[in-house]
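Descriptive analysis of the structure
In case you want the letters, here they are:
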Amino acid sequence: MHPPSLPLRPIESDIVPVLARATSQRKLTRDIAREARSRNVNRVVFTGVGGSWASSVPANILLGSHPTAFSSENVNATEFTDLYLPSIDERTLVVAASHSGGTPETVAAAQGAADRGALVVSLSSEEDNPLARAARFQLTYRSARTITSAKYVLLAELCLSLFEAFDVPAAIEDTRKALDAVPRATAEAVEAAEPTLAAVAKRYAQSSNIHVLAAGPLAGLAYMLSVCYLVEQQWMQSAYFLAADFFHGPFEVAQGEQPYLVLSGEDGTRPQTDRVVRFLRRYHDNFEVVDVADLALTGIDPASRGAVGHIPMAAVVARLADHFESISGHDLDTRRYMYRVEY
């Protein structure tokens with residue numbers, strides 16, 4: 001017997017002001033980039049755990065897809081401390097993310113990097129927390145629920161400022177114009193997606209072993225939807241895969257009741273998810289697609305949709321979790337072990 005449904009939470013009312021505040025920190029990101037340039041930084045490392053690690057995926061891809069004077073990587077905070085710390089020095093920019101600013105593994109990574117002379121930037125909800133105190137600069141978004149999309153904006157702004165400071169050829173001004181339009185476009189996208197999200201949650205809220213697929217900038221969201229929202233917060237069976245890996249093993253279980261959720265973007269990796277969808281349409285009918293291309297994104301130039309589409313998509317996916325909660329009857333805030341026992 002399934003638990004009774006829960007009232008659907010209202011759409012977050014702070015989406016526009018939180019994302020607008022994130023873009024307003026453009027000057028701060030420029031200050032960080034200038035400091036990085038003055039140090040002749042040759043390496044950027046994003047670090048965190050869980051959803052905070054996943055939130056850095058688009059930024060790491062953005063830096064890695066341009067010709068820069070520095071390398072870029074995205075590393076789990078525990079592995080950063082255990083394996084990477086000896087290679088960190090004063091020419092390393094470390095961006096450490098934790099919503100609470102108190103995640104022990106991330107605080108240890110940031111403090112360890114600072115002790116080795118690295119330029120450390122914290123990314124968290126508030127300014128006053130252990131992570132922020134370990135950092136030279138603090139990026140904040142001040143929201144309890146509009147989290148991932150806000151992190152995406154702040155990290156995109158930081159990447160663009162790094163491009164600017166290091167004279168990297170990139171569509172800096174065009175992307176910044178798109179970021180300025182993102183707050184309102186994101187709020188409108190979440191509202192418009194409600195019928196689709198309700199249908200997806202109704203179909204899969206009682207399903208088992210949902211496979212979530214995505215590519216490129218949306219790969220972090222596939223992790224978050226599967227590991228954070230479905231497994232952690234809904235106690236459901238789920239796994240996530242890169243769309244590019246689908247045809248190297250995971251597609252062999254596309255039969256019977258096996259459900260798939262495909263997150264599709266409009267960046268250069270679009271052909272990867274299109275290929276997955278074509279296969280599923282031909283051989284399997286138990287799948288749903290949540291697509292950036294279906295979002296209006298008013299005010300954003302079509303040429304920039306691929307660069308910023310992951311930001312409204314993050315809010316849409318978070319809203320999908322609300323619909324799962326309502327239909328499954330399992331509160332997103334209820335945990336069995338996290339925050340309840342020593343671990």
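Let us look at the structure shown here. None of the values given here were measured: they were computed from a predicted structure.

1. Brief notes about the overall build of the protein chain
- Along the backbone of the protein chain there are 13 helices and 9 strands.
- Scaling as 2.2 N^0.38, a compact globule of 343 residues should have a C-alpha radius of gyration of about 20 Å, and the protein chain matches this with 20 Å.
- Along the three orthogonal principal directions, the C-alpha set of the protein chain runs to about 60 × 50 × 40 Å.
- Taken over 343 residues, the protein chain has a buried fraction of 55%.
- Sequence-distant contacts, at least 24 apart, represent 78% of the contacts inside the protein chain between residues at least 6 apart.
- Counting every atom, the protein chain has about 14,700 Å² of accessible surface; 51% of that belongs to carbon and sulfur.

2. Let's talk about the packing of aromatic side chains
- Per the stated rule, a full pass over the model turns up 11 aromatic pairs.
- Here the aromatic rings of Phe247 and Phe251 are separated by 5.5 Å at their centres, their planes lie at 70 degrees, and the arrangement is edge-to-face.
- Here the aromatic cluster, defined as three or more aromatic residues joined through ring pairs, consists of Phe246, Phe247, Phe251, Tyr260, Phe279 and Tyr283.
- The ring of Phe137 carries Arg136 above its face, with NZ or CZ at 4.4 Å from the centroid.
- Here the guanidinium or amino end of Arg336 rests over the ring plane of Trp235, the centre of that ring lying 3.9 Å away.

3. Concerning the pairing of strand β6 (residues 210–214)
- When you tally the buried positions in β6, you get 5 out of 5 residues, the bulk of the element.
- With burial as the criterion, each face of β6 is covered, one bearing Ile210, Val212 and Ala214 and the other bearing His211 and Leu213.
- Taken together, the 5 bridges between β6 and strand β7 (residues 238–242) define a ladder with parallel strand orientation. What sits directly across from Ala214, in β7, is Leu242.

4. A few points about the nonpolar core
- By size, the foremost hydrophobic cluster in this structure holds 83 residues, and its most contacted members are Leu93, Leu162, Leu221, Leu225, Leu263, Met313 and Phe324.
- No other element matches the 13 residues that helix α9 (residues 172–204) contributes to this core.
- Excluding anything up to four places from it in sequence, Leu263 contacts Val212, Leu213, Ala214, Ala215, Leu218, Leu221, Ala222, Leu225, Thr273, Val290, Met313 and Val317.
- Within the second largest apolar cluster, 17 residues are counted, among which are Ala77, Phe80, Val120 and Ala135.

5. Some remarks on the sheet that holds strand β3 (residues 92–97)
- Spatial strand order, β2-β1-β3-β4-β5: 5 strands in an open sheet with parallel pairing. The sheet is open, and its two borders are formed by β2 (71–76) and β5 (137–140), each paired with just one other strand. Averaged over all pairs of adjacent strands, the angle between strand axes in this sheet comes to 20 degrees, irrespective of strand direction.
- In the sheet, strand β1 (residues 43–48) pairs with β3 via 5 bridges, with the strands oriented parallel. Bridging from a neighbouring strand, Arg43 pairs with Thr92 of β3.
- Against the sheet, helix α2 (residues 26–38) engages β3, β4 (119–124) and β5, with an angle of about 150 degrees to β5.
- Sheet strands touched by helix α6 (residues 104–115): β1, β3 and β4. Its angle to β3, the strand with the most contacts, is close to 160 degrees.

6. Re helix α8 (residues 148–165)
- With 18 residues, α8 ought to run about 26 Å at 1.5 Å a step, and its terminal C-alpha atoms sit 26 Å apart, in line with that.
- Of all 18 residues in α8, 17 are buried, a share of seventy percent or more.
- Positive backbone phi, approximately 55 degrees, marks Asp167, located one or two places after α8.

7. Observations concerning the sheet that holds strand β9 (residues 287–291)
- Read across the sheet, 4 strands follow the order β7-β6-β8-β9 without closing on themselves; strand pairing throughout is parallel. At either end of the open sheet lies a strand with only one pairing partner, and these are β7 and β9. Adjacent strand axes in the sheet meet at a mean angle of 20 degrees when their direction is disregarded.
- In this fold helix α10 (residues 219–234) packs onto β6, β7 and β8 (260–264), with an angle of close to 175 degrees to the strand it touches most, β7.
- Lying over the sheet, helix α11 (residues 270–283) contacts β6, β8 and β9, oriented at roughly 150 degrees with respect to β8.

8. Examining the environment of Phe246
- The topology assignment puts Phe246 in the loop between β7 and β8.
- According to the relative accessible area criterion, Phe246 is buried, its value standing at 0%.
- Once the C-alpha coordinates of Phe246 and Thr273 are considered, the two residues, 27 residues apart in sequence, prove to be 9.4 Å apart.
- Ignoring sequence-local partners within four residues, the contact set of Phe246 consists of Leu213, Phe251, Tyr260, Val276, Phe279 and Leu280.

9. What about the pattern of salt bridges?
- Within the structure shown, the criterion is met by 25 salt bridges.
- A salt bridge links Glu164 to Arg176; the shortest N-O distance between them is 3.0 Å. Remark: Arg176 occurs in helix α9 and Glu164 occurs in helix α8; sequence separation between them is 12 residues.
- On the basis of relative accessibility, which here comes to 31%, the residue Glu164 falls in the partly exposed class.
- According to the relative accessible area criterion, Arg176 is buried, its value standing at 2%.
- Its salt-bridge partner being Arg270, residue Asp291 comes within 2.7 Å of it at the nearest N-O pair. Residue Asp291 is found in strand β9, and its partner Arg270 is found in helix α11; the two are separated by 21 residues along the sequence.
- Looking at Asp291, the relative accessible area reads 10%, which means it is buried.
- Three or more residues joined by partner-sharing salt bridges are found here, namely Glu12, Arg145, Glu194, Arg319 and Asp322.

Conventions we followed
Residues numbered from 1 in each chain as written. Predicted model: local features only at pLDDT ≥ 70, side-chain atom pairs only at ≥ 80, totals over all residues. Heavy atoms only, no water. Helix = DSSP H or I, 4+ residues; strand = E, 2+ residues; numbered from the N terminus. Rg over C-alpha atoms; globule rule 2.2 N^0.38 Å. Buried < 20%, exposed > 50% of the residue type's maximum accessible area, 1.4 Å probe, protein only. Contact = heavy atoms within 4.5 Å. Areas by Shrake-Rupley, 256 points an atom, 1.4 Å probe, with all protein chains shown as cover. Phe/Tyr/Trp six-rings, centres within 6.5 Å; stacked < 30°, edge-to-face > 60°. Lys NZ or Arg CZ within 6 Å of the ring centre and 35° of its normal. Pairing = 2+ DSSP bridges. Core = buried A, V, L, I, M, F, W, Y, C linked by side-chain atoms within 4.5 Å. Axes fitted to C-alpha atoms, helices over the stretch in contact; angles between N-to-C directions. Expected span 1.5 Å × (residues − 1). Salt bridge = Lys/Arg side-chain N within 4 Å of Asp/Glu carboxyl O.

It is worth stressing that arrangement in space is one thing and function is another; only the former is reported here.
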